[in-house]
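Listed here are the chains, written in short residue letters.
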Amino acid sequence: MSTLSNPVNWVLAAVLGYISYNYFSGSGTKTPPAAPRPRPPALVFKEYTPKELAEFDGRTEDTRILMAVQGKVFDVTRGRNFYGPDGPYGNFAGRDASRGLAKNSFDKAMLSPLDGPIDKLEDLDDDDKESLANWAEHFEGKYQLVGKLIENKA
Ligand code: HEM
């Protein structure tokens with residue numbers, strides 16, 4: 001029997017054809033690559049008042065999330081799961097989180113009013129101060145420092 005007339009060879013050729021078609025055409029079960037997320041522009045170190053900081057609360061997918069700890073402003077955008085609108089710590093997004101971190105509380109009362117002075121944290125006890133210092137170290141090690149918190153302009 002010649003190669004062409006052997007039905008086994010026809011079946012093998014069909015299987016091989018099917019596999020190579022899927023491989024080279026990229027069809028089959030492969031999903032198309034996801035479109036890259038739009039990246040916000042790079043941030044230059046600058047000063048933020050509490051009101052300006054509040055703009056960076058991650059309310060939309062393509063905006064940065066900033067957060068202040070002890071006067072330092074960090075870009076916590078890559079922690080969107082924590083600080084995004086549906087995240088467990090979303091209350092800290094765009095805010096001075098110092099008191100909440102010191103007291104280990106995300107109670108709304110821990111946030112100072114946006115149009116008021118910066119919280120001086122003068123009443124913190126030793127435990128609070130230690131907690132805040134530990135958190136500050138965590139943020140410094142994990143996120144980029146992008147600015148300094150300054151008083152609202154009169
Ligand atoms: C019910 C108790 C709590 C549980 C089970 C919990 C759980 C967690 C977990 C699993 C992480 C992620 C750790 C990691 O992957 O590095 C985390 C991070 C964090 N938690 Fe909590 N937490 C609790 C309470 C709190 C409270 C009361 C605060 C208020 C200050 C808080 C603030 C944070 C912050 C700021 C982070 C760091 C997120 C980051 O690295 O950007 N947590 N927590």
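Only a predicted model underlies this, so the values are computations on that prediction, with no experimental measurement involved.

Caption draft 1: Region of the structure containing the overall build of the chain. Along the chain, the regular secondary structure elements total five helices and four strands. The N-to-C order of helical and strand elements in the chain reads α-β-α-β-β-α-α-α-β. The 154 residues of the chain split such that 34% are buried. Surface exposure of the chain reaches about 10500 Å², of which carbon and sulfur atoms provide 59%.

Caption draft 2: How the structure looks around the site of the ligand. Taken together, 13 residues lie around the ligand, and Tyr83, Tyr89, His138, Lys142 and Tyr143 are the ones closest in. Here His138 contributes a side-chain N or O atom positioned 2.6 Å from an oxygen atom of the ligand. Of all the secondary structure elements, the ones that give two or more residues to the shell around the ligand are helix H3 (80-83), helix H4 (98-103) and helix H5 (126-142). In terms of residue count, H5 provides more of the shell around the ligand than any other element does, three residues in total. For the shell around the ligand, a count of residues per class yields eight nonpolar, four polar and one charged.

Caption draft 3: Structural context of the packing of aromatic side chains. All chains considered together, the criterion is met by 10 aromatic pairs. Taken together, a centroid distance of 6.5 Å and an interplanar angle of 45° make the contact between Tyr83 and Phe139 tilted. One end of the pair, Tyr83, is in helix H3; the other, Phe139, is in helix H5, and 56 residues separate them in sequence. Judged by relative accessible area, which is 1%, Phe139 ranks as buried. Here the aromatic residues Phe74, Phe82, Tyr83, Tyr89, Phe106, Trp135, Phe139 and Tyr143 are joined through ring pairs into a cluster of three or more. Over the face of the ring belonging to Tyr48 we find Lys46, whose NZ or CZ atom lies 4.8 Å from the ring centre.

Caption draft 4: Representation of the sheet that holds strand E3 (residues 72-75). If you walk across this open sheet you meet the four strands as E1-E4-E3-E2, and the pairing is mixed. In the strand order of this sheet, the two ends are held by strand E1 (46-48) and strand E2 (66-69), each with one partner. Looking at each pair of strands side by side, their axes are set apart by 40° on average, direction ignored. In the sheet, E1 pairs with strand E4 (residues 144-149) via three bridges, with the strands oriented parallel. The residue of E4 that forms the bridge with Glu47 is Lys148.

Caption draft 5: Up close: the environment of Ala93. With respect to the helices and strands, Ala93 occurs in the loop between H3 and H4. Residue classification places Ala93 among the buried residues on the basis of a relative accessible area of 6%. Between the C-alpha atoms of Ala93 and Glu55, which are 38 residues apart in sequence, the distance is 9.3 Å. Once residues lying within four places of it in the same chain are set aside, the contact partners of Ala93 are Phe56, Asp57, Ile65, Leu66 and Tyr83.

Caption draft 6: The nonpolar core, seen in detail. In terms of nonpolar packing, the biggest core is built from 18 residues, with Met67, Val69, Val76, Tyr83, Leu101 and Phe139 touching the most fellow members. When contributions to this core are tallied by element, the ones reaching two or more residues are E2, H4 and H5. The leading source of residues in this core is H5, at three residues. When sequence neighbours within four positions are dropped, the list of residues in contact with Leu101 reads Met67, Val69, Phe92, Ser131, Leu132, Trp135 and Phe139.

Conventions and cut-offs
- Residues numbered from 1 in each chain as written.
- Predicted model: local features only at pLDDT ≥ 70, side-chain atom pairs only at ≥ 80, totals over all residues.
- Heavy atoms only, no water.
- Helix = DSSP H or I, 4+ residues; strand = E, 2+ residues; numbered from the N terminus.
- Buried < 20%, exposed > 50% of the residue type's maximum accessible area, 1.4 Å probe, protein only.
- Areas by Shrake-Rupley, 256 points an atom, 1.4 Å probe, with all protein chains shown as cover.
- Near = heavy atom within 4 Å.
- Polar contact = N/O pair within 3.5 Å; in protein donor to acceptor, adjacent residues only side chain to side chain.
- Nonpolar A, V, L, I, M, F, W, Y, C, P; charged D, E, K, R; others polar.
- Phe/Tyr/Trp six-rings, centres within 6.5 Å; stacked < 30°, edge-to-face > 60°.
- Lys NZ or Arg CZ within 6 Å of the ring centre and 35° of its normal.
- Pairing = 2+ DSSP bridges.
- Axes fitted to C-alpha atoms, helices over the stretch in contact; angles between N-to-C directions.
- Contact = heavy atoms within 4.5 Å.
- Core = buried A, V, L, I, M, F, W, Y, C linked by side-chain atoms within 4.5 Å.

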